[in-house]
Amino acid sequence: MLIGLIRHGLTDWNVEGRIQGQSDIPLNDEGRRQADMLAERLLQEPYRWDYCITSSLSRAAETGRIIAGKLGIPLLEPDDRIRERAYGQVEGMTAAQREEKWGKDWNQLSLGQEMDEQLQARALDFMEEIAARHPEKNILVISHGGFLAQLYIALYKDKFSERLGNLSLTILEKNDQEWNPLLYNCTRHILQNQH
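The following paragraphs examine the structure supplied in this document. Numbering of residues starts from 1 in every chain and runs along the sequence as written. At least 70 in pLDDT is required for a residue's local features to be given in this predicted model, at least 80 for side-chain atom pairs to be given and counted, and no such filter applies to totals for whole chains, interfaces and linings, which use all residues. Excluding hydrogens and water, the side-chain values take into account all heavy atoms of the structure.

### Description of the overall build of the chain
The way it works is that DSSP assigns letters per residue, a run of H or I at least four long becomes a helix, a run of E at least two long becomes a strand, and they are numbered from the N terminus. Helix and strand content of the chain: seven helices and five strands. Mapped in sequence order, the helices and strands of the chain form the string β-α-α-β-α-α-α-β-α-β-β-α. Taking 16 Å as the expected radius of gyration for a compact globule of 195 residues, we find that the chain reaches 16 Å, a close match to that expectation. With the C-alpha coordinates of the chain rotated into their principal frame, the extents come out at 50 × 40 × 30 Å. A 1.4 Å probe rolled over the protein chains alone gives each residue an accessible area, and that area as a share of the maximum for its type sets the label: buried under 20%, exposed over 50%, partly exposed in between. Residues classed as buried in the chain amount to 53% of the 195 residues present. Here the chain displays about 9700 Å² of accessible surface, and carbon together with sulfur accounts for 46% of that area. Computing the positive centroid from 23 side-chain charges and the negative centroid from 30, the chain places the two 3 Å apart. Put simply, the radius of gyration uses C-alpha atoms, and a globule should come to 2.2 Å times the residue count raised to 0.38. All accessibility values rest on the Shrake-Rupley procedure with a 1.4 Å probe; residue burial counts only the protein chains present in the view. Under the convention used here, Asp and Glu are negative, Lys and Arg are positive, and both His and the chain ends fall outside the count. Every charge is mapped onto a representative atom, which is NZ of Lys, CZ of Arg, CG of Asp or CD of Glu.

### Notes on the nonpolar core
For the purposes of this section, nonpolar cores are sets of buried Ala, Val, Leu, Ile, Met, Phe, Trp, Tyr and Cys residues that join through side-chain atoms within 4.5 Å. Counting residues in each nonpolar core, the largest one holds 23 residues, and the members touching the most others are Ile3, Leu5, Val141, Tyr152 and Trp179. Taken together, the elements giving at least two residues each to this core come down to strand E1 (2-7), helix H5 (116-133), strand E3 (138-143), helix H6 (145-156) and strand E5 (178-186). Ranked by the residues each element gives to this core, the list is headed by H5, at six residues. Residue contacts are counted whenever heavy atoms from the two residues lie within 4.5 Å of one another. Excluding residues within four positions of it along the chain, leucine 5 makes contact with Val141, Leu148, Leu151, Tyr152, Ser168, Leu169, Thr170 and Leu172.

### Details of unusual backbone geometry
Not every positive phi belongs to a glycine, and aspartate 176 is a case in point at roughly 50°. Along the chain, aspartate 176 falls in the loop between strand E4 (169-175) and E5. On the basis of relative accessible area, aspartate 176 is assigned to the exposed category, the value being 71%. The backbone of asparagine 185 shows a phi angle near 50°, a positive value even though the residue is not glycine. Within the secondary structure, asparagine 185 sits in strand E5.

### Here's the deal with the pattern of salt bridges
Each salt bridge in this description consists of a side-chain nitrogen of Lys or Arg and a carboxyl oxygen of Asp or Glu lying within 4 Å of one another. Enumeration according to the criterion identifies 16 salt bridges in this entry. With a shortest N-O distance of 3.1 Å, arginine 33 and glutamate 30 are connected by a salt bridge. In this pair, arginine 33 and glutamate 30 both sit in helix H2 (residues 29-44), three residues apart, roughly one turn of the helix. On the basis of relative accessibility, which here comes to 40%, the residue arginine 33 falls in the partly exposed class. Here lysine 70 and aspartate 36 are joined by a salt bridge, their closest N and O atoms 3.2 Å apart. Of this pair, lysine 70 sits in helix H3 (residues 58-71) while aspartate 36 sits in helix H2, and the two are 34 residues apart along the sequence.

### A closer look at H2
Take the residue count of a helix, subtract one, and multiply by 1.5 Å to get its expected span. Helix length check: H2 (16 residues) gives 23 Å between terminal C-alpha atoms against 22 Å at 1.5 Å per residue, within 8%. Where H2 is concerned, the buried positions are Gly31, Gln34, Ala35, Met37, Leu38, Ala39, Arg41 and Leu42. Where H2 is buried, its residues contact E1, H3, E3, E4, E5 and helix H7 (188-191). Where H2 starts, the residue carrying a side-chain oxygen 3.1 Å from the main-chain nitrogen of glutamate 30 turns out to be asparagine 28. Each polar contact in these results corresponds to two N or O atoms within 3.5 Å; when the atoms are within protein, one needs to be able to donate a hydrogen and the other to accept it, and residues that are neighboring in sequence are counted only if both atoms are side-chain atoms.

### Here we look at the sheet that holds E4
Taking strand neighbours across the sheet as the criterion, the five strands line up as E2-E3-E1-E4-E5 in an open arrangement whose pairing is mixed. Each edge of the open sheet carries a strand with a single partner, namely strand E2 (51-54) and E5. Taken over all neighbouring pairs, the strand axes of this sheet differ in orientation by 20° on average, direction set aside. Sheet analysis places E4 next to E5, joined by six bridges and oriented antiparallel. Among the inter-strand pairings, asparagine 175 is bridged to a residue of E5, identified as glutamate 178. Packing against the sheet, H3 makes contact with E1, E2 and E3, and its axis sits at approximately 150° to E3. Convention adopted: a line fitted to C-alpha atoms gives each axis, helices being fitted over their contacting stretch, and angles between N-to-C directions are expressed from 0 to 180 degrees. The sheet strands contacting H6 are E1, E3, E4 and E5, and the helix crosses E1 at an angle near 140°. A pair of strands is treated as paired once DSSP finds two or more bridges between them.

Below, the structure is given as structure tokens:
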């Protein structure tokens, strides 16, 4: 079984450096173009994907619709467990605004944000269930940067720490109890198309 983990395409809030969390911010045109580029790449690679599943936030759902449409694969029901971390009072703010209001260590304060442990627990719960439900299938999962970063910490501790790019592709292969990374945070499809 393979799982292809994809961070959604670019949004205006990404460009402005605002924390999105569970605010439902749509893709922008560049984000749609990025989804198209990844779909083109997936069509040309040897892996065959059976299904696509997305978070219920529109930026992930639209990324999934574009990719699943191009690949001609079914889009499963969205899953709330793979939504972005809830950031509470911090959502919608830029780094400068957060630091001005709460200081550099804002993320150590209790501002209504979901804790790492909670995020990791729902990430692992999702991975376990999807492996049990579709053991013979290869599934694309469209989620969010903060969520995916915590999933990788839960699976691999601090082995992977680079910031996840929009529309980055990570491929994990299930072997017994282990998820082996075949590809991590790859944005080759976007870099190749920048003129």
